[in-house]
Amino acid sequence: MSSAATSPPFGRLTTAMITPFRPDGSLDVDAAQKVAGYLADQGNDALIINGTTGEAPTTSDAEKDQLVRAVLEAVGDRAQVIAGVGTNDTAHTIELAKAAEAAGAHGLLVVTPYYNKPPQEGLKAHFTAVADATGLPNLLYDIPGRAGVEVKTETLIALADHPRIVAVKDAKGDVAAATKVLANTDLAYYCGADELNLAWLSIGAVGIASVVAHAASPQYRQLIDAVVAQDLVAARAIDRRLIPAVEAIMTRTQGAIMVKAALQLLGVIEHAAVRLPLIEATPAQVDALTTDLRTSGLVA
């Protein structure tokens, strides 16, 4: 087992944070700081800013920089801040990586280049170039459902030799592939699909990079702690109790839409506004969400 299992580079509980907007679509920095502070208070070790759940495809480079700086100010030393910098253009990704480092980010989330479907050698060259560009640790994001291409096991094993490529956020869902990487590298794995959190922790992931944790951070902390303590009975009970919440947030429509609705229900944000091409949750979706969050014990 990797030594990372006892010293996770980004802690164990990480939330892929939303980006709040005002009803007119403008960036709501004050709300972003409130959400970040709330998540830090809820026990998160790290926050991922400017990721998919943060609607990064719709935010400008200047807004991304502003968000990183604002969240760093809000959380202080309570949580690490991981800046999403991945694009399908290596040069642009490097620009964002350098900007995030200058802003004070603690690490970088680098997603597989999407849409242009590079070959594995291209992926190696891309991730290596980004890792070479700063002194920050890199969290590679393997999500073929969005990117259109996976990071193959052999590619991850080769990339693990880079001193700043330290972890993988996995949303591929291939247990056998992840097990092989874990057996042959020191890469730390973070589960990037909430429905698989327990499964991934059970095979040696050090933590989770969650969307549902916006509404369930204390419960996911308990789940992680139970697995670390080798109490799978308790871990299974928590995991099963959260099934309705996971389904409500992650399966009814796009996750950012529903998790903003959940945060509005919880009183953390005033507006659940998203930017096109996303649209806000319908009243029927919010009603179903409320029921499911209540079933999971997350709202009264």
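Procedures and definitions
Residues numbered from 1 in each chain as written. Predicted model: local features only at pLDDT ≥ 70, side-chain atom pairs only at ≥ 80, totals over all residues. Heavy atoms only, no water. Axes fitted to C-alpha atoms, helices over the stretch in contact; angles between N-to-C directions. Helix = DSSP H or I, 4+ residues; strand = E, 2+ residues; numbered from the N terminus. Parallel < 35°, antiparallel > 145°, perpendicular 65-115°, else oblique. Left-handed = near helix turned anticlockwise from the far one by under 90°. Contact = heavy atoms within 4.5 Å. Nonpolar A, V, L, I, M, F, W, Y, C, P; charged D, E, K, R; others polar. UniProt positions renumbered as here; feature names shortened; annotations may be inferred. Buried < 20%, exposed > 50% of the residue type's maximum accessible area, 1.4 Å probe, protein only. Salt bridge = Lys/Arg side-chain N within 4 Å of Asp/Glu carboxyl O. Core = buried A, V, L, I, M, F, W, Y, C linked by side-chain atoms within 4.5 Å. Pairing = 2+ DSSP bridges. Right-handed = clockwise from strand over helix to strand, strands pointing away.

1. Focus: the packing of helix α9 (residues 213-228) against helix α10 (residues 232-241)
Close contact between α9 and α10 brings their axes to 8 Å; oriented N to C, the two are set at 155 degrees. Here α10 runs roughly antiparallel to α9, going by the angle between their axes. With respect to the hand of their crossing, α9 and α10 are arranged in left-handed fashion. Across the interface between the two elements, Q219, Q222, L223, A226 and V227 of α9 pack against L232, A234, A235, I238, D239 and R241 of α10. Within the contact of α9 with α10, the residues separate by chemical class into 7 nonpolar, 2 polar and 2 charged.

2. Looking at the UniProt feature "site: Part of a proton relay during catalysis" (unreviewed entry) in the protein
In the numbering used here, UniProt assigns the feature "site: Part of a proton relay during catalysis" (unreviewed entry) to T52 and Y115. The residue T52 is located in the loop between β2 (46-49) and α2 (61-75) in this model. Among residues more than four places away in sequence, those in contact with T52 are Y141, R146 and Q254. Look at Y115 and you get exposed, because its relative accessible area is 75%. Residues in contact with Y115, not counting those within four places in the same chain, are N88 and A147.

3. Some remarks on the pattern of salt bridges
On inspection of all chains with the given rule, the structure shows 10 salt bridges. With a closest N to O distance of 3.2 Å, E150 and K172 form a salt bridge. Here the residue E150 occupies a position in the loop between α5 (144-147) and α6 (153-159), and K172 occupies one in the loop between β6 (165-170) and α7 (175-184), the gap between them amounting to 22 residues. A relative accessible area of 26% places E150 in the partly exposed class.

4. Describing the nonpolar core
Of all hydrophobic cores here, the largest spans 88 residues; its most connected members are M17, Y189, Y220 and I249. For this core, the element with the highest residue contribution is α9, accounting for 8 residues. By size, the runner-up hydrophobic cluster in this structure holds 15 residues, among which are I82, L139, Y190 and V206.

5. Remarks on the side chain of T59
Within the secondary structure layout, T59 lies in the loop between β2 and α2. Classification of T59 as buried rests on a relative accessible area of 6%. Residues within four places of T59 in sequence aside, it is in contact with T19, F21, G54, K64 and R275.

6. A closer look at the sheet that holds strand β4 (residues 107-111)
An order of β1-β2-β3-β4-β5-β6-β7-β8 is seen for the 8 strands of this closed barrel, with the pairing classed as parallel. The average undirected angle you get between the axes of adjacent strands in this sheet is 25 degrees. When strand β5 (residues 138-142) meets β6, the two strands line up parallel, connected through 5 bridges. When the bridges of β6 are listed, N138 appears paired with I165.

7. Side note on unusual backbone geometry
A cis amide bond, omega 20 degrees, links L276 with the succeeding residue P277. Here P277 lies in the loop between α12 (255-265) and α13 (283-295). Phi at E55 takes a positive value of approximately 55 degrees, unusual for a residue other than glycine. Checked against the element boundaries, E55 lands in the loop between β2 and α2. A relative accessible area of 2% means that E55 is categorised as buried.

8. Looking at the pairing of strand β3 (residues 80-84)
Within β3, 4 of the 5 residues are buried, leaving the element largely enclosed by the surrounding structure. In this structure, β2 lies alongside β3, joined through 4 bridges in parallel fashion. Residue pairing in the sheet places I49 in a bridge with A83 of β3. The parallel pair β2 and β3, bridged by α2, forms a crossover whose chirality is right-handed. As paired strands, β3 and β4 are joined by 3 bridges and run parallel to one another. Residue A83 lies in a different strand from β4, and its bridge partner there is L108.

9. Let's talk about the pairing of β4
Burial analysis of β4 places 5 of its 5 residues in the buried class, the great majority of the element. Where burial is concerned, the two faces of β4 agree: the one with G107, L109 and V111 and the one with L108 and V110 are both buried. Taking the sense of rotation as the criterion, the β-α-β connection linking β3, helix α3 (residues 90-103) and β4 turns out right-handed. Note that β4 and β5 share 4 bridges and pair parallel. Within β5, the residue paired with V110 across the bridge is L140.

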